[in-house]
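Coordinate inspection notes
Read off the chains here:
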Amino acid sequence: MSYWELVNMQFMQRALLAAVFTGLAAPAIGTYLVQRRMALMGDGIGHVAVTGVAIGLLTGTSPTWTAVIVAIAGAIAIEVIRERGHANGDVALALLFYGGLAGGVLITGLDNESGSRLNQFLFGAITTISRTDLIVTMALAAVVILVCVGLAPQLFAVAQDQEFARVAGLNIRAYNLLVAVLAAVTVTVAMRTVGLLLVSALMVVPVATSQQLSRSFRTTLVAAMVLGTAASVGGLLLAASFPPDTRVSPGPTIVLLALAGFVLAWPAGIWARRRQRLRQPFPVVPAVAHQETDPHPHQHGEDCGHVAVPHGDHVDYVHDGHRHAPHGKHYDEH
Amino acid sequence: MSSPAIEPPVVELSNGAVAIAGRPILRHIDLTVHSGEFVALMGANGSGKSTLVRALTGLWPLATGSLSLFGTPFGSFHDWQRVGFVPQRGGATSGVPASVWEIVASGRLTRRKLLRPLGRADRAAIADALDVVGLSHRSRESVSSLSGGQQQRVLIARALAGEPDLFFLDEPTAGVDLPNQQVLADTLRTMSERGATIVLVAHELGPMAPLIDRAVVMRDGRIAYDGSPLASEQVATAHLDGHHHHHHHEPGHHDHAPHVSSLIEGTDR
Ligand SMILES: Nc1ncnc2c1ncn2[C@@H]1O[C@H](COP(=O)(O)OP(=O)(O)OP(=O)(O)O)[C@@H](O)[C@H]1O
Ligand SMILES: [Mg+2]
Ligand SMILES: [Zn+2]
Ligand SMILES: [Zn+2]
Ligand SMILES: [Zn+2]
Ligand SMILES: [Zn+2]
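Residues numbered from 1 in each chain as written. Chains lettered and ligands numbered in written order. Predicted model: local features only at pLDDT ≥ 70, side-chain atom pairs only at ≥ 80, totals over all residues. Heavy atoms only, no water.

A word on the site of ligand 1
Residues and elements named next belong to chain B. Around ligand 1, the surrounding shell holds 14 residues, and the nearest of these are Asn45, Gly46, Lys49, Ser50 and Thr51. Take Ser50: an N or O atom from its side chain is 2.7 Å from an oxygen atom of ligand 1. Within the side chain of Gln88, one N or O atom sits 2.9 Å away from an oxygen atom of ligand 1. Burial of ligand 1 by the protein chains amounts to 60% of its free accessible area of 630 Å². If you tally residues by element for the shell around ligand 1, the top one is helix α1 (residues 49–56), at 3 residues. The residue makeup of the shell around ligand 1, split by class, is 4 nonpolar, 8 polar and 2 charged. (Near = heavy atom within 4 Å. Polar contact = N/O pair within 3.5 Å; in protein donor to acceptor, adjacent residues only side chain to side chain. Areas by Shrake-Rupley, 256 points an atom, 1.4 Å probe, with all protein chains shown as cover. Helix = DSSP H or I, 4+ residues; strand = E, 2+ residues; numbered from the N terminus. Nonpolar A, V, L, I, M, F, W, Y, C, P; charged D, E, K, R; others polar.)

Below, the structure is given as structure tokens:
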């Protein structure tokens, strides 16, 4: 079977659709989590969701739905702990994470068969996704995307400055809970794609990548969604390209691809910020006394190799910590 | 200005108290601010100025007492587009880049309906607010690339963008240079002349001094002085001098006539 035949198989088509939706939804909600400096919240919810999956497997109900319910409960608990703002809220969160993970593993241990199935949820098994799973995934992801984009002004304001948002009349508790619930839903949507242990990476890494090069919230959000989709679709196709006798699941390839994007964007971002800062016009202030440069054999001009920065009605050439402005036959120190 | 009998006070707090973590911070606060007044809230560090502003905006719940805004009891007050707030803080950054324009635009949220894009009036108000604080040319930049004082000016613009009638500013000019303080003072003067009510927390009034109608001095969580404007150096001793009488403003009484009791020259307009 050739690679293209494989990609055209029905299960791959389903997997690709799921990857697109997950790739859009996870960074969308992830942007708000990073904005609140709660990048690891997705990870926490992922650990709690393990218990939900285990309960589903043990009781024979759909693990997706039990995971959604337990993840939402966990997310709300995290949010409540955060809102109470106790000094050791951090520790309380950690307790919840580990409780969730240990509980899940324990519950799975009660039933011999569910152990291997739990693995599918921990590391993702996008290619085993059924038709109903796909519809549920797409519907939930669509809700997450629509809310994250549609309510962007409100969600942005609440995450940016809670107090200001409250005085602006926004019900910040409702918005905070909304973000927590959306994060929980996203985690369970993405668990089939990248797996619970790597979910948080798809929520956070594209955001970290896009903010290297963006200066506004909107571009960060949109670019993160684009990057997330590229990583999840690319990772899936990459995983499918390994020989059939290997057991490469798409979760790790998706996350590694997203990280590769970050590794490329990071130096580019440092360079772009530096370049922008260097070229930013100097402020125009009343001139200090006229001061000529020391003897100056070099002729400044276009492409002379020095950064030229606008300064009022002329240009200053920057070198060796000085700003040299042409003045008749000599240069002035500015 | 409408007749005093009809217009209720803009802010009315009676016998207010605030406790933080069970510890009483503000006690026995009676504060009435009438429409169009420009009140300076002064006092030493930790005297409770910010706490009072936060109580008046509903950010701290009252332990006792009753608060009404624009004549509506606080519990049923929803007219938030009439209220503007500049919190006391350094910096406007968060975990994700945000442009200056985006932060200022969030000041329009009080007037925007859910899921509606920004209208023409919103964009104009945002542009005006950016203009006032002199940051129009940097509106596309990330706030994190601005200096502390410039970030403070972004927060002022955010509140201005909402075009409020009642303005709470908690040390808005801390870290802002004198020319820009002057610009803010000019803006506040215009707003005040249009009838806005302003409550300003400040240690140094600077260019705002001529605008102040009334000074309220806090001391250890209580109001120590409420009367005609004071110079910064008089604040520490305000509760001691003979002026300690509650300067009861009659409803709607907003006189621009010289205050006979004015303690500093040049405060009269
Ligand atoms: N979040 C808080 N938790 C505990 N105590 C607080 C909190 N906020 C304020 N306080 C206490 O309330 C008192 C008043 O503080 P507040 O911030 O109102 O002072 P302030 O007059 O605004 O001072 P500054 O001039 O420094 O801004 C202080 O004693 C402070 O310790
Ligand atoms: Mg204060
Ligand atoms: Zn040169
Ligand atoms: Zn120059
Ligand atoms: Zn030179
Ligand atoms: Zn010269």
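Now that the structure is up, let's keep going.
Overview of the coordination of the magnesium ion (ligand 2)
Residues and elements named next belong to chain B. On the protein side, the magnesium ion (ligand 2) has Ser50 (OG) and Gln88 (OE1) as donor atoms, found 1.9 to 2.1 Å from it. Highlighted residues: Ser50 in helix α1 and Gln88 in the loop between β6 (83–86) and α2 (100–105), separated in sequence by 38 residues. Overall, the relative accessible area of 42% leaves Gln88 in the partly exposed class. (Donors = N, O, S within 2.8 Å, 3.2 Å for Na, K, Ca; no water. Buried < 20%, exposed > 50% of the residue type's maximum accessible area, 1.4 Å probe, protein only.)

Topic: the coordination of the zinc ion (ligand 5)
Residues and elements named next belong to chain A. Coordination of the zinc ion (ligand 5) by the protein involves His296 (NE2), His300 (NE2), His319 (NE2) and His324 (ND1), with metal-donor separations of 2.0 to 2.1 Å. Between the 4 donor atoms coordinating the zinc ion (ligand 5), the angles at the centre fall across 90 to 133°, so the site counts as tetrahedral. The sequence pattern formed by the donor residues of the zinc ion (ligand 5) is H-x3-H-x18-H-x4-H. Separation of the zinc ion (ligand 5) from the zinc ion (ligand 3) amounts to 5.8 Å, with His300 serving as a shared donor to the pair. (Tetrahedral: all angles 85-135°; square planar, octahedral: opposite > 155°, others 65-115°.)

Details of unusual backbone geometry
Leave glycine aside and you will find that most residues have negative phi; peptide bonds, for their part, are mostly trans. All names here are of chain B. Within the chain, His28 stands out as a residue other than glycine whose phi angle is a positive 50°. Its location among the elements puts His28 in strand β2 (residues 23–33). Positive phi, normally seen in glycine, also occurs at Glu163, with a value near 45°. Among the secondary structure elements, Glu163 is positioned in the loop between α4 (148–161) and β7 (166–170). Overall, the relative accessible area of 44% leaves Glu163 in the partly exposed class.

Digging into the interface of chain B and chain A
On the side of chain A, 30 residues touch chain B, which itself brings 31 residues to the contact. Contact with chain A buries surface across chain B, with Val96, Pro97 and Leu109 of chain B losing the most and accounting together for 21% of the total. Across the chain B-chain A interface, the total number found is 2 salt bridges. Across the pair Asp161 of chain A and Arg158 of chain B runs a salt bridge, and its minimum N-O distance is 3.0 Å. The interface formed by chain B and chain A contains 10 residue pairs in polar contact (both at pLDDT 80 or more). Looking at the side of chain B that touches chain A, the elements that each hand over two or more residues are β6 and α2 of chain B. Looking at the side of chain B that touches chain A residue by residue, the classes come out as 13 nonpolar, 10 polar and 8 charged. (Contact = heavy atoms within 4.5 Å. Buried area = accessible area lost by both parts, 1.4 Å probe. Salt bridge = Lys/Arg side-chain N within 4 Å of Asp/Glu carboxyl O.)

Comments concerning the sheet that holds strand β8 (residues 197–201) of chain B
In a beta sheet, neighbouring strands are held together by backbone hydrogen bonds and run either parallel or antiparallel to one another. Residue and element names in this part refer to chain B. Strand order across the open sheet formed by 6 strands is β6-β7-β8-β3-β9-β10, with mixed pairing between neighbours. Both edges of this open sheet fall to β6 and β10 (222–227), since each of them pairs with a single strand only. The mean inter-strand angle of the sheet, taken between neighbouring strand axes irrespective of direction, is 15°. Sheet analysis places β7 next to β8, joined by 5 bridges and oriented parallel. Looking across to β8, one finds that Phe168 is bridged to Val199. Strand contacts of α4: β6 and β7, with the helix running at about 175° to β6, the strand carrying the most contacts. (Pairing = 2+ DSSP bridges. Axes fitted to C-alpha atoms, helices over the stretch in contact; angles between N-to-C directions.)

With respect to the side chain of Asp226 of chain B
Tracing the backbone shows Asp226 of chain B in strand β10. A distance of 2.8 Å separates the side chain of Asp226 of chain B from the side chain of Arg214 of chain B, its partner in a polar contact.

Looking at the pairing of strand β3 (residues 38–43) of chain B
Residue and element names in this part refer to chain B. When you tally the buried positions in β3, you get 6 out of 6 residues, the bulk of the element. Covered by surrounding structure in β3 are Phe38, Ala40 and Met42 together with Val39, Leu41 and Gly43, the residues of both alternating faces. Across 4 bridges, β3 lies against β8 in parallel orientation. Bridge pairing in β8 places Val39 opposite Val199.

Observations concerning the packing of aromatic side chains
Taken as a whole and assessed by the stated rule, the structure comprises 8 aromatic pairs over all chains. Ring geometry for Tyr32 of chain A and Phe217 of chain A: centres 5.6 Å apart, planes at 50°, overall tilted. Taken as a pair, Tyr32 of chain A in helix α2 (residues 10–35) and Phe217 of chain A in helix α12 (residues 217–240) lie far apart in primary sequence, 185 residues in all. Of the two residues examined, Tyr32 of chain A and Phe217 of chain A, each falls in the buried class. In textbook terms, an aromatic cluster arises when at least three aromatic residues are bridged by ring pairs, as seen for Phe70, Phe74, Phe77 and Trp80 of chain B. Positioned above the aromatic ring of Trp101 of chain B, the side-chain terminus of Arg140 of chain B is 5.7 Å from the ring centre. (Phe/Tyr/Trp six-rings, centres within 6.5 Å; stacked < 30°, edge-to-face > 60°. Lys NZ or Arg CZ within 6 Å of the ring centre and 35° of its normal.)

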